[in-house]
Amino acid sequence: MIIAVDGPSGSGKSSTARGVATRLGLRFLDTGAMYRAVTWSAVEHGLDLDDTAAVAQRARDLRLEISTDPGHQFVIADGTDVTAAIREPRISEVVSKIATNLEVRKELIRRQRAVIDNAQPSGGIVVEGRDIATVVATDAELKVLLTADQEARMARRGAEVGSLTAEQLRDQIIRRDADDSTVSEFQVASDGAVTIDSTYMTLEEVIDAISRLAKESVPQGQDR
């Protein structure tokens, strides 16, 4: 099966999706890490990030390996382990320039669909991002829009990345959401999606809720 988890920055998509994948024995794909890897590569190559054609070509040329094992996550770009580097502030500050490049999105959506297809023989995958339910995997058996209020999202991101100023946190949450919303709809639930507001929920409670929904979504006669 395919479980799509969409939502704004700081809503807990990655931790939740990884937890659900672990709970249900599925693969896991963090699509945001793919955009960050392209960003890292473009920066390392000294590209003008406003040069959409050059950045799109970099995305097509990039040799990218991303783990789908929820218990062992890594990202390798052109032979370099960038698992930690793609989370650095210098990448977070400019990743929206990559994520709003329509040709980059086209290339990464192609790669994401290939990862999803490859995961099906092993049971399925939990995919998190901005437009999984609406664009990448519209046939997902379970679609979830994970939300939380602004204060909760900023607090979570601050706890996750550590020493960021309030201004940097606001940039990563509010400004990035505004930028990304120009190319993907992740603020309103798509048709058939379940909205979960995690503002006052623990991570385990959210994982429990989605896991329960996933089991209810499995057709009769199939065990998960």
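- As named in an unreviewed UniProt entry, the protein chain is Cytidylate kinase, taken from Kribbella pratensis.
- In the Subcellular location (unreviewed entry) part of its UniProt record, the protein chain is described as follows: "Cytoplasm".
- Quoted verbatim from the Sequence similarities (unreviewed entry) heading of the UniProt record, the comment on the protein chain is "Belongs to the cytidylate kinase family. Type 1 subfamily."

1. Overview of unusual backbone geometry
Reasoning step 1: You will see that D78, though not glycine, has its phi angle at about 50 degrees, which is positive.
Reasoning step 2: Residue position: D78 is located in the loop between β4 (75–77) and β5 (80–81).
Reasoning step 3: A relative accessible area of 23% places D78 in the partly exposed class.

2. Points about the pattern of salt bridges
Reasoning step 1: Per the stated rule, a full pass over the model turns up 12 salt bridges.
Reasoning step 2: E204 is paired through a salt bridge with R23; the nearest N and O atoms lie 3.2 Å apart. One end of the pair, E204, is in helix α10 (residues 203–217); the other, R23, is in helix α1 (residues 13–24), with 181 residues separating them in the sequence.
Reasoning step 3: Classification of R23 as partly exposed rests on a relative accessible area of 39%.
Reasoning step 4: Shared partners join several salt bridges into a network, and the residues in it are R23, E204 and D208.

3. What about the sheet that holds strand β1 (residues 2–6)?
Reasoning step 1: Taken in spatial order, the five strands line up as β2-β6-β1-β7-β8 in an open sheet, and their pairing is parallel. A single partner strand is all that each edge strand has here, and the edge strands are β2 (27–30) and β8 (194–197). Adjacent strand axes in the sheet meet at a mean angle of 20 degrees, parallel and antiparallel pairs treated alike.
Reasoning step 2: Sitting on the sheet, helix α6 (residues 102–119) touches β1, β2 and β6 (125–129), and the angle it makes with β6 is about 160 degrees.

4. Quick word on the sheet that holds strand β3 (residues 64–66)
Reasoning step 1: Taken together, the three strands give an open sheet; going across it, the order is β3-β4-β5, and neighbouring strands pair in antiparallel fashion. If you trace the sheet from one side to the other, it starts and ends with β3 and β5, each paired once.
Reasoning step 2: Across three bridges, the pairing between β3 and β4 is antiparallel. Bridge pairing links E65 to I76 in β4.
Reasoning step 3: Along the sheet face, helix α2 (residues 31–44) touches β3, β4 and β5 and points at about 145 degrees away from the line of β3.

5. Some points on the pairing of β1
Across a regular strand the side chains alternate sides, sitting on one face of the sheet and then on the other.
Reasoning step 1: In terms of residue burial, β1 counts as a mostly covered element, since five of its five residues are buried.
Reasoning step 2: Burial along β1 is two-sided: I2, A4 and D6 facing one way and I3 and V5 facing the other are all buried.
Reasoning step 3: Where β1 meets β6, five bridges bridge the pair, whose relative direction is parallel. Bridge assignment links V5 to a residue of β6, and that residue is E128.

Thresholds applied
- Residue positions within a chain follow its written sequence, with the count starting from 1.
- Where local features are concerned, this predicted model is filtered to residues with pLDDT of at least 70; where side-chain atom pairs are given and counted, the filter is 80 or more; whole-chain, interface and lining totals use all residues.
- The basis for every side-chain value is the complete set of heavy atoms in the structure, and neither hydrogens nor water enter the calculation.
- UniProt positions are given in the numbering used here, feature names are shortened, and annotations may be inferred rather than shown by experiment.
- Runs of E in the DSSP output that reach at least two residues are strands. Runs of H or I that reach at least four are helices, and both are numbered from the N terminus.
- To sort residues, take the accessible area from a 1.4 Å probe on protein chains only and compare it with the maximum for the residue type: under 20% means buried, over 50% means exposed, and anything in between is partly exposed.
- Salt bridge, as applied in this entry: a Lys or Arg side-chain nitrogen positioned within 4 Å of an Asp or Glu carboxyl oxygen.
- Two strands pair if DSSP finds at least two bridges between them.
- To define axes, lines are fitted to C-alpha atoms, for helices over the stretch in contact only, and angles between the resulting N-to-C directions are given on a 0 to 180 degree scale.
- Contact between two residues is taken to exist if any of their heavy atoms lie within 4.5 Å; hydrogens are not considered.

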